Amino acid sequence: MNTWIAIGATALGCYAVKLAGLMVPAGALERPLVRRLAALLPVALLAALTAQQTFADGRALVLDARAAGLAAAAVALVLRAPFLLVVATAVLVTAGVRAIAG
């Protein structure tokens with residue numbers, strides 16, 4: 001039963017945040033600072049999520065095959081490879097490093 005309470009509370013919280021966003025006056029959203037933050041915030045959050053998923057394992061920092069896969073993906077991006085090729089490169093390099101090290 002505690003799980004359903006948590007699900008209900010989360011749903012209500014999400015609805016409240018959405019409602020609060022809809023109640024913001026349009027003039028406040030047109031400010032240059034707000035527009036700049038709205039453009040940069042998703043990039044910063046995605047970068048933080050990528051770093052956390054790549055270099056963290058519980059409470060410890062690790063440098064393992066995931067870092068090699070991320071580096072390979074970065075190289076593929078610099079070379080302007082299509083997105084699917086970037087992902088495939090990261091997957092293959094990560095799997096290869098794990099197979100060699102493992």
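Note that this is a predicted model, so its numbers are computed, not measured. (Residues numbered from 1 in each chain as written. Predicted model: local features only at pLDDT ≥ 70, side-chain atom pairs only at ≥ 80, totals over all residues. Heavy atoms only, no water.)

*Asks:* What's the story with the overall build of the protein in this structure? I'm lost.
*Replies:* Scanning the protein from terminus to terminus reveals five helices and two strands. Starting at the N terminus and walking to the C terminus, you meet the elements of the protein as α-α-α-β-β-α-α. Computed over C-alpha atoms, the radius of gyration of the protein comes to 20 Å, more than 25% over the 13 Å expected from 2.2 N^0.38 for 102 residues, which places it beyond the range of a compact globule. The dimensions of the protein, computed from C-alpha atoms along their principal axes, are 55 × 45 × 25 Å. (Helix = DSSP H or I, 4+ residues; strand = E, 2+ residues; numbered from the N terminus. Rg over C-alpha atoms; globule rule 2.2 N^0.38 Å.)

*Asks:* What exactly am I supposed to notice about the UniProt feature "transmembrane region" (unreviewed entry) in the protein here?
*Replies:* Per the UniProt annotation, the sites labelled "transmembrane region" (unreviewed entry) are residues 6-25, 37-55 and 67-97. Taken end to end, residues 6-25 has its terminal C-alpha atoms 31 Å apart, with 85% of it in helix and 0% in strand. Across residues 67-97 one finds 87% helix and 0% strand; the C-alpha atoms that close the span lie 10 Å apart. (UniProt positions renumbered as here; feature names shortened; annotations may be inferred.)

*Asks:* Is there a simple way to explain the environment of Trp4 in this structure?
*Replies:* Along the chain, the position of Trp4 falls in helix H1 (residues 2-22). Trp4 sits 60 residues away from Asp64 along the chain, and the two C-alpha atoms are 38 Å apart.

*Asks:* It is not clear to me how the pattern of salt bridges should be interpreted in this structure. Could you clarify?
*Replies:* A pair can form between side chains of opposite charge whenever their charged atoms are brought close. Inspection of every chain in the model, using the stated rule, returns two salt bridges. Among the ionic pairs, Glu30 bridges to Arg35, the shortest N-O distance being 3.1 Å. Here Arg66 makes a salt bridge to Asp64, at a shortest N to O gap of 3.3 Å. On the accessibility criterion, Asp64 (31% relative accessible area) is partly exposed. (Salt bridge = Lys/Arg side-chain N within 4 Å of Asp/Glu carboxyl O. Buried < 20%, exposed > 50% of the residue type's maximum accessible area, 1.4 Å probe, protein only.)

*Asks:* Help me out: how do you make sense of unusual backbone geometry in this one?
*Replies:* In most cases, non-glycine residues show a negative phi, while peptide bonds are predominantly trans. Not every positive phi belongs to a glycine, and Arg80 is a case in point at roughly 60°. Tracing the chain through its elements places Arg80 in the loop between helix H4 (65-78) and helix H5 (83-101).

*Asks:* Even after reading the chapter, I still don't get H4, so can you show me in this structure?
*Replies:* Because the α-helix completes a turn every 3.6 residues, residues three or four places apart line up on one side. Between its first and last C-alpha atoms H4 spans 20 Å; for 14 residues at 1.5 Å apiece the expected length is 20 Å, and the two agree. Every buried residue of H4 is listed here: Ala65, Ala67, Gly69, Ala72, Ala73 and Ala76. Buried positions along H4 lie against helix H3 (32-55) and H5. At the C-terminal side of H4, Arg80 shows a positive phi close to 60°. (Expected span 1.5 Å × (residues − 1). Contact = heavy atoms within 4.5 Å.)

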